[in-house]
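Residue strings, one per chain:
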Amino acid sequence: MNRPSRRTSQTLLVIDDEAPILTAFERAFASETTTVLVAENATDGEAVFMETRPDVVVIDLSLPDMSGLECFRRLHKVDPRVPVIFITGHGTVETAIEATQLGAYDFLFKPLELDEMRQLLEKAFNLSRMVRVQPVLADEEDTVADAIVGRCRAMKEVYKAIGRVASQNLTVLLLGESGTGKEVVAQAIYHHSARSDGPFQAINCAAIPDALLESEIFGHEKGAFTDAHRQRIGKLEQADKGTLFLDEVGDMSPMTQAKILRVLQDQTFERVGGNTPIKVDARIIAATNHDLKKLVSEGLFRADLYFRLSVVSIHLPPLRQREDDLRVLAEYFLRKYSNEFGKDIRTLAPETLELLEQYHWPGNVRELESAMKQSLLIARGNVLLPEFVPRLSDGSTPLISGKSEDEYLSKSFVAERLDAGSKNLYAEAIRTAESQLFRQVLQHTAGNQLKASSILGISRVTLRSKLKALGIEAADFAGGG
Ligand SMILES: Nc1ncnc2c1ncn2[C@@H]1O[C@H](COP(=O)(O)OP(=O)(O)OP(=O)(O)O)[C@@H](O)[C@H]1O
């Protein structure tokens, strides 16, 4: 077992008796901001847990001194809010289900896929941050912990609504433009509910192709389709005794809508390719940035499902209607990320606030968060000056006349490359053009590759390979990472 020399911003504890797995975790995930602690057995793991209170724990289901499940029970008793991910080589699916039913966050089968693990960890760290704090009016706070920030009238209504619905077992529909904080609110409802000891599972229905979404939610039996080499337990089943957050619920296919309706009516479903009805006790929180009523009138969304989902709905206001919250949020993000960027900037200059107020913020809080992060990259001093803010533009008039380096085929770009004696200008120009195009479209879709590929009229596979070649991370445009 090893110990951190100092606590960095997030800590992962991995309990596994296989040394190569521990080393792999350390190699893959230890960084300036992430401390990876390891333990080879449950007893050591528990000791490290007590001493360091990590943000996320990964446990192998079979450990030498006690079962991974037992180890989990002990840690869970100490602090049920810490997300725990199980890994298993030969444990049965049932044990893994049992683990999630007891409140584990998720589980993965060996051999571990690094990308899958990375995505899962990122989500688990986010959840960990969210559930460790109460939703607070963090404006006067000096804290940099994650919270729902804002004190405008509309947000106070949101807090009241969370308070009213959290403890009841009702289905909730969260409405609001992209980036307004629907997932943050879903997690707050979960955190304040009687189910907070149970799992919280989230799925973004728009980010997963139709064909896969059904199996992602409901799971599938082995052999259900060509690639179904083994049985898979869906998010709904994993959310048993807990909460399932269905983001972008308007993007579900008719088949998936019908199955969700049945879950809401009689709490049963079948895995894809299976015909045994499975009972599940999961609270559903749905969210959408579409006008669901309109989708109903266009025949794209089932009316009966809409009525079931919208028993209670909470509307999240767009950022441009949040009065002084723009400043409060901007300064909150500056404080939150200052450390990460090695800066100490806590406030906006009055001119910077004016600049931010002129902008329409189509990507809402997510876009503001991302703009503040980008500002911190180049900012100096203790106050954020307007020149450090990236160019803000929703396709209309740019608010700051920024440098044209990201404009494709600008005259200055071509001139500069000619001066430099380029021997590859065609490829350079196309690359520059593609890079700007993809960045702008991903900004528009908030990092959603499925939407981006349909806007661009190219397949998702092509988009993905081009993004890879250009070194563009779609996730960066989601604003969370
Ligand atoms: N009130 C808030 N206080 C602090 N952070 C917030 C707030 N609202 C949103 N955020 C942050 O903004 C980002 C986007 O929030 P979130 O993912 O909850 O939005 P969303 O409405 O679910 O977006 P989408 O519809 O695109 O899924 C996240 O990083 C979140 O932490």
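Whatever comes next refers back to the structure up there.
The model shown is predicted, which means the values in this text are computed figures rather than measured ones.

Calculation rules
Sequence order as written defines residue numbering, which begins from 1 separately in each chain. Local features in a predicted model are, by the rule used here, given only for residues with pLDDT of at least 70; side-chain atom pairs are given and counted only at 80 or more, and totals for whole chains, interfaces and linings are based on all residues. Remark: hydrogens and water are excluded; side-chain values derive from all non-hydrogen atoms of the structure. Being near a molecule or strand, for a residue, comes down to having at least one heavy atom within 4 Å of it. In the analysis that follows, any N or O atom pair within 3.5 Å is treated as a polar contact, provided that within protein one partner can donate a hydrogen and the other can accept it, and provided that, for residues neighboring in sequence, both atoms belong to side chains. Only DSSP runs of H or I with at least four residues qualify as helices, and only runs of E with at least two residues qualify as strands; both kinds are numbered from the N terminus onward. Classification used: nonpolar for Ala, Val, Leu, Ile, Met, Phe, Trp, Tyr, Cys and Pro, charged for Asp, Glu, Lys and Arg, polar for all others including Gly. The split of the chain into domains comes from an automatic or database domain assignment. Here, any two strands with at least 2 DSSP bridges between them count as paired. Each axis is a line fitted through C-alpha atoms, taken for helices only over the stretch in contact, and angles between the N-to-C directions span 0 to 180 degrees. The contact rule is simple, with two residues in contact once any of their heavy atoms fall within 4.5 Å.

## Overview of the site of the ligand
What surrounds the ligand is a group of 22 residues, the closest being V149, S178, K182, D247 and E369. Between the ligand and the protein, one listed contact pairs an oxygen atom with a backbone N or O atom of T180 at 3.2 Å. Within the backbone of G181, an N or O atom sits 3.1 Å from an oxygen atom of the ligand. Of all the secondary-structure elements, those providing two or more residues to the shell around the ligand are helix 7 (182-191), helix 13 (325-338) and helix 15 (364-378). Its residues placed into classes, the shell around the ligand shows nine nonpolar, six polar and seven charged. When residues of the shell around the ligand are assigned to domains, at least three fall in each of domain 2 (153-316) and domain 3 (320-402).

## Observations concerning the sheet that holds strand 1 (residues 10-15)
The parallel open sheet is built from five strands, whose spatial order is 2-1-3-4-5. Each having just a single partner strand, strand 2 (34-39) and strand 5 (106-109) make up the two edges of the open sheet. This sheet shows a mean twist of 20 degrees between the axes of neighbouring strands, independent of strand direction. In terms of strand pairing, strand 1 meets strand 3 (residues 56-60) through four bridges, oriented parallel. Looking at strand 3, one finds that L12 is bridged to V56. Set on the sheet, helix 1 (residues 19-29) makes contact with strand 1, strand 2, strand 3 and strand 4 (84-88); between it and strand 2 the angle comes to about 175 degrees. Here helix 3 (residues 68-78) sits on the sheet and contacts strand 1, strand 3 and strand 4; the angle it forms with strand 3, its principal contact strand, is near 155 degrees.

## Focus: the sheet that holds strand 11 (residues 283-288)
Spatially, five strands are ordered 7-8-11-6-12 in an open sheet, and the strand pairing comes out parallel. Two strands bound the open sheet, and with one partner strand each, they are strand 7 (200-204) and strand 12 (312-315). With strand direction ignored, the average angle separating the axes of adjacent strands in the sheet is 20 degrees. Looking at chain direction, strand 7 and strand 8 (residues 243-247) are connected through five bridges and run parallel. By the bridge assignment for strand 8, I203 is matched with L246.

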